[in-house]
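The residues making up each chain are set out below.
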Amino acid sequence: MARLPLVIYPDEILTRPSAEVTEIDQDIVDFIANMRETMYASNGIGLAAPQVARNIRIMTIDVDPDQGGKSFMHLINPIIVEGHGKTSYDEGCLSFPGLVAEVRRKKTIHVQGYDLSGRLLDFEADGLLAICFQHELDHLNGVTFVDRLSPVQKTLVVRDYLKRREEDEEDKQIADILRMHGVASEREAAEAGEAVLKTGVRT
Ligand code: ZN
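The rules behind the values
Residues numbered from 1 in each chain as written. Predicted model: local features only at pLDDT ≥ 70, side-chain atom pairs only at ≥ 80, totals over all residues. Helix = DSSP H or I, 4+ residues; strand = E, 2+ residues; numbered from the N terminus. Buried ≥ 20, exposed ≤ 12 C-beta atoms within 10 Å, placed from the backbone. Contact = placed C-beta atoms within 7 Å. Core = buried A, V, L, I, M, F, W, Y, C linked by C-beta atoms within 7 Å. Pairing = 2+ DSSP bridges. Axes fitted to C-alpha atoms, helices over the stretch in contact; angles between N-to-C directions. Expected span 1.5 Å × (residues − 1).

Visitor: Where do I start with the overall build of the protein chain in this structure?
Guide: A count of helical and extended segments in the protein chain gives four helices and seven strands. Put simply, the protein chain runs from its N terminus to its C terminus through helices and strands in the order α-β-β-β-β-β-β-β-α-α-α. Within the protein chain, the proportion of its 203 residues that are buried is 26%. Expressed as a percentage of contacts within the protein chain between residues at least 6 apart in sequence, the contacts between residues at least 24 apart total 58%.

Visitor: For this particular structure, what's the right way to read the nonpolar core?
Guide: A general feature of soluble globular proteins is that nonpolar side chains tend to end up buried together. M35, M59 and F133 are the most contacted members of the largest nonpolar core, which totals 24 residues. Mapped onto this core, the elements with two or more residues apiece are helix 1 (26-41), strand 1 (46-48), strand 2 (58-61), strand 3 (73-84), strand 6 (108-114) and helix 2 (127-140). It is helix 2 that provides the largest number of residues to this core, a total of seven residues. Among the nonpolar cores identified, the runner-up in size contains seven residues, and Y9, L14, C93 and A101 belong to it.

Visitor: Would you mind showing me how to read the sheet that holds strand 7 (residues 120-125) here?
Guide: Strand order across the open sheet formed by five strands is 1-2-3-6-7, with antiparallel pairing between neighbours. The two strands at the open ends of the sheet, each matched to only one other strand, are strand 1 and strand 7. Here the strands of the sheet are splayed against their neighbours by 35° on average, with no regard to which way each runs. With four bridges connecting them, strand 2 and strand 3 associate as antiparallel partners. Bridge pairing in strand 3 links I61 to M73. Strand contacts of helix 1: strand 1, strand 2 and strand 3, with the helix running at about 40° to strand 2, the strand carrying the most contacts.

Visitor: Would you explain the pairing of strand 7 in this entry?
Guide: One face of the sheet, then the other: side chains in a regular strand alternate in exactly this way. Here strand 6 runs beside strand 7; their pairing, made up of six bridges, is antiparallel. Each residue of the ladder has a partner; that of V111, found in strand 7, is F123. Connecting strand 6 to the antiparallel partner strand 7 that follows it, the hairpin turn spans five residues, and G118 within it adopts a positive phi of roughly 85°.

Visitor: I tried to follow the pairing of strand 5 (residues 100-105) on my own but got confused; where do I start?
Guide: Here strand 5 shows one buried face, formed by A101, V103 and R105, and one open face, formed by V100, E102 and R104. As defined by bridge partners, strand 4 (residues 87-92) adjoins strand 5 across six bridges and the pair is classed as antiparallel. Considered in strand 5, the bridge of D90 is made with E102.

Visitor: Explain helix 3 (residues 151-180) here, please?
Guide: Helical geometry note: an α-helix holds 3.6 residues per turn, so side chains three or four residues apart project in the same direction. If you check helix 3, its first and last C-alpha atoms are 43 Å apart, about what 30 residues at 1.5 Å a residue would give, namely 44 Å. Of all 30 residues that make up helix 3, one are buried, and the element is exposed over most of its length.

Visitor: Before we go on, may I ask you to explain the environment of I24 in this structure?
Guide: Structurally, the position occupied by I24 is in the segment before helix 1. Residues I24 and S117 lie 93 residues apart in sequence; the distance between their C-alpha atoms is 8.1 Å. Setting aside residues up to four positions removed in sequence, I24 forms contacts with I76, L116 and G118.

Visitor: Please explain unusual backbone geometry as it appears in this structure.
Guide: Only a minority of non-glycine residues have a phi that is not negative, and only a minority of peptide bonds are not trans. With an omega of 0°, the peptide bond between Y9 and P10 qualifies as cis. In this structure, P10 sits in the segment before helix 1. Despite not being glycine, N43 shows a phi value in the positive range, around 55°. Among the secondary structure elements, N43 is positioned in the loop between helix 1 and strand 1. Positive phi, normally seen in glycine, also occurs at N77, with a value near 50°. Summarising the element assignment, N77 is placed in strand 3.

Structure representation (C-alpha cells):
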C-alpha cells in the first residue's frame, strides 16, 4: 500500500468526467487500498479517484473514522437512483486545502454501486454519509463543491483561496532559497524570511 499524492485545485484533472470501471482486476484492488490509506492519512472522510489523479469512477468513504475503519466503504461505478429533501453543510475538500464552504445537497439519497467482489450495493443514506456521497459523486463528474455555490459566491471563495495559495507558495519559495543559502534553523529561516519580506527582495 502507498499513500498517493493529492490533486489540488486548480488542476484540470478535477474538471474531467471519470470513466466507468469495466473490470475489477488487481490494479483496481491495489488502487482502492491506496485510496483508503491516502484518505485516512489525509484525515479525510471521503476521497474520489480523480483526487489522486485517476479519472475512474471509484470513491472511498468513512464518515466515522474514529471507529478504526469499521465504517469504511468503497463504491465502484456509484450512482444516485433518487434523492429527496434539502440540507446544507459546511464542506471541506482535500483538493482545496483550508477552504470551507456551505453547500446545499439532497437530504436523503438512494445509492447504488458495486464493491470489489462485484456485489451490488443498494442502500438509503442520510446525514453526513449522504452529503459525503454527493460530494464524491460530483468529483466523478468533474464537479467540485465550489461549483455548487452561486456564481458570485464561487468567484469570491475561489479568489480568496487562490490568493492564499499564492502567498503560501511565495513563503515556501523564500524558505527554499534560504535553505539553499545555508540558513539552517527554522527560527533563523523565519527571521531571515521576514527580513527579506520587509525589504521586498525577490530573487
Ligand atoms: Zn472533495
